[in-house]
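Take a look at the letters that make up each chain.
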Amino acid sequence: QVHLVESGGGLVQPGGSLRLSCTASGINFRLYTMNWYRQAVGKQRELVASITSDSSRNYTDSVKGRFTISRDNVRNRVFLEMNSLKPENAATFYCNVRARRSSFWGRGTQVTISG
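Residues numbered from 1 in each chain as written. Predicted model: local features only at pLDDT ≥ 70, side-chain atom pairs only at ≥ 80, totals over all residues. Heavy atoms only, no water.

Looking at the nonpolar core
Operational definition: Residues enter a nonpolar core if they are buried and are Ala, Val, Leu, Ile, Met, Phe, Trp, Tyr or Cys, with the set joined through side-chain atoms within 4.5 Å. Burial here depends on accessible area, computed with a 1.4 Å probe over protein chains only, as a share of the maximum for the residue type. Under 20% is buried, over 50% is exposed, and the range in between is partly exposed. Segments assigned H or I by DSSP are reported as helices when at least four residues long, segments assigned E as strands when at least two residues long, and all are numbered from the N terminus. Contacts are assigned to residue pairs that have any heavy atoms within 4.5 Å of one another.
With 28 residues, the main nonpolar core has M34, W36, F67, V78, L80, M82 and F93 as its most contacted residues. In terms of residue count, the dominant contributor to this core is strand β9 (residues 91-99) (five residues). Residues contacting M82, with those up to four places away along its chain left out, are G16, S17, L18, L20, R66, F67, F93 and V111.

Details of the state of the cysteines
Disulfide: a covalent bond formed between the sulfur atoms of two cysteine residues. Put simply, the rule reads: Defined by distance alone, a disulfide is two cysteine sulfur atoms within 2.5 Å.
Taken as a whole and assessed by the stated rule, the structure comprises one disulfide. Across the disulfide, C22 is cross-linked to C95 (sulfur-sulfur distance 2.1 Å). Between C22 and C95 the disulfide shows an S-S torsion of about -80°. By sign, it is left-handed. With C22 in strand β3 (residues 18-25) and C95 in strand β9, this pair connects stretches of sequence that are 73 residues apart. The same class applies to C22 as to C95, namely buried.

Considerations on the packing of aromatic side chains
Selection criterion: A pair of Phe, Tyr and Trp rings is counted when the ring centres sit within 6.5 Å of each other, with Trp represented by its six-membered ring. The angle between the planes then sorts it: under 30 degrees is stacked, over 60 is edge-to-face, the rest tilted. Placement of a charge over a ring requires the Lys NZ or Arg CZ to be within 6 Å of the ring centre, with the centre-to-atom vector within 35 degrees of the ring normal.
Tallied over the full model, the rule gives two aromatic pairs. On the basis of an interplanar angle of 65° and a centroid distance of 4.8 Å, the ring pair of Y37 and W105 is categorised as edge-to-face. On the criterion of sequence distance, the pair formed by Y37 in strand β4 (residues 34-39) and W105 in strand β10 (residues 102-105) is long-range, its members being 68 residues apart. On the basis of relative accessibility, which here comes to 34%, the residue W105 falls in the partly exposed class. With a centroid separation of 6.4 Å and an interplanar angle of 85°, the aromatic rings of Y94 and W105 are classed as edge-to-face. Of this pair, Y94 sits in strand β9 while W105 is found in strand β10, placing the two residues 11 residues apart along the sequence. By the ring-pair criterion, three or more aromatic residues cluster together here, those being Y37, Y94 and W105. The residue whose ring lies beneath R45 is W105, and the NZ or CZ to ring-centre distance is 4.6 Å.

As for the side chain of D72
The criterion, for reference: Between N or O atoms, a polar contact is any pair within 3.5 Å; within protein, one atom must be a potential hydrogen donor and the other a potential acceptor, and residues adjacent in sequence are included only when both atoms are from side chains.
Mapping D72 onto the fold places it in strand β7 (residues 67-72). A polar contact of 3.1 Å, which involves the side chain of D72, links it to the side chain of R75. Setting aside chain neighbours within four positions, we find D72 in contact with F29, R77 and F79.

Focus on the pattern of salt bridges
Here is the rule we go by: For salt bridges, the criterion is a side-chain nitrogen of Lys or Arg within 4 Å of an Asp or Glu carboxyl oxygen.
Tallying each qualifying case throughout the model produces four salt bridges. Of the charged contacts in the structure, one is a salt bridge between E46 and R38, with a shortest N-O distance of 2.6 Å. By relative accessible area, E46 is classed as partly exposed at 33%.

Remarks on the sheet that holds strand β1 (residues 3-7)
Heads up, the condition is: Strands are labelled as partners when DSSP assigns at least two bridges between them. Lines are fitted to the C-alpha atoms to define the axes, a helix being fitted only along its stretch in contact, and any angle between axes, read from their N-to-C directions, falls within 0 to 180 degrees.
Read across the sheet, four strands follow the order β1-β3-β8-β7 without closing on themselves; strand pairing throughout is antiparallel. Both edges of this open sheet fall to β1 and β7, since each of them pairs with a single strand only. Between one strand and the next, the sheet's axes are offset by a mean angle of 15°, whatever the strand orientation. Where β1 and β3 come together, five bridges link them in antiparallel fashion. Pairing of V5 across the sheet is with T23, part of β3.

Right, here's the structure in full:
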């Protein structure tokens, strides 16, 4: 059974940084592209960043230069380093993997930007 658990969200001031983490189990982690999505209140869930099995990275335009996705294939973790956070970046962030003809999601970690 595929299981994804996110952590690292919280409250941060504008301009601040957070590092999100997602731990995966139930898959041969190193073989899969891992994704980070976000969903703001009242908006659709959108893809923020992806990292392939060979660590090629893609980002949505609005986060390029501020967010960095990375992975640790030993500990089965994917990270999202977020810098220069803006109020509009507030959202619940979800880890995602497409495996076994299905799409799997974590429960999300909330990022709040205030102050």
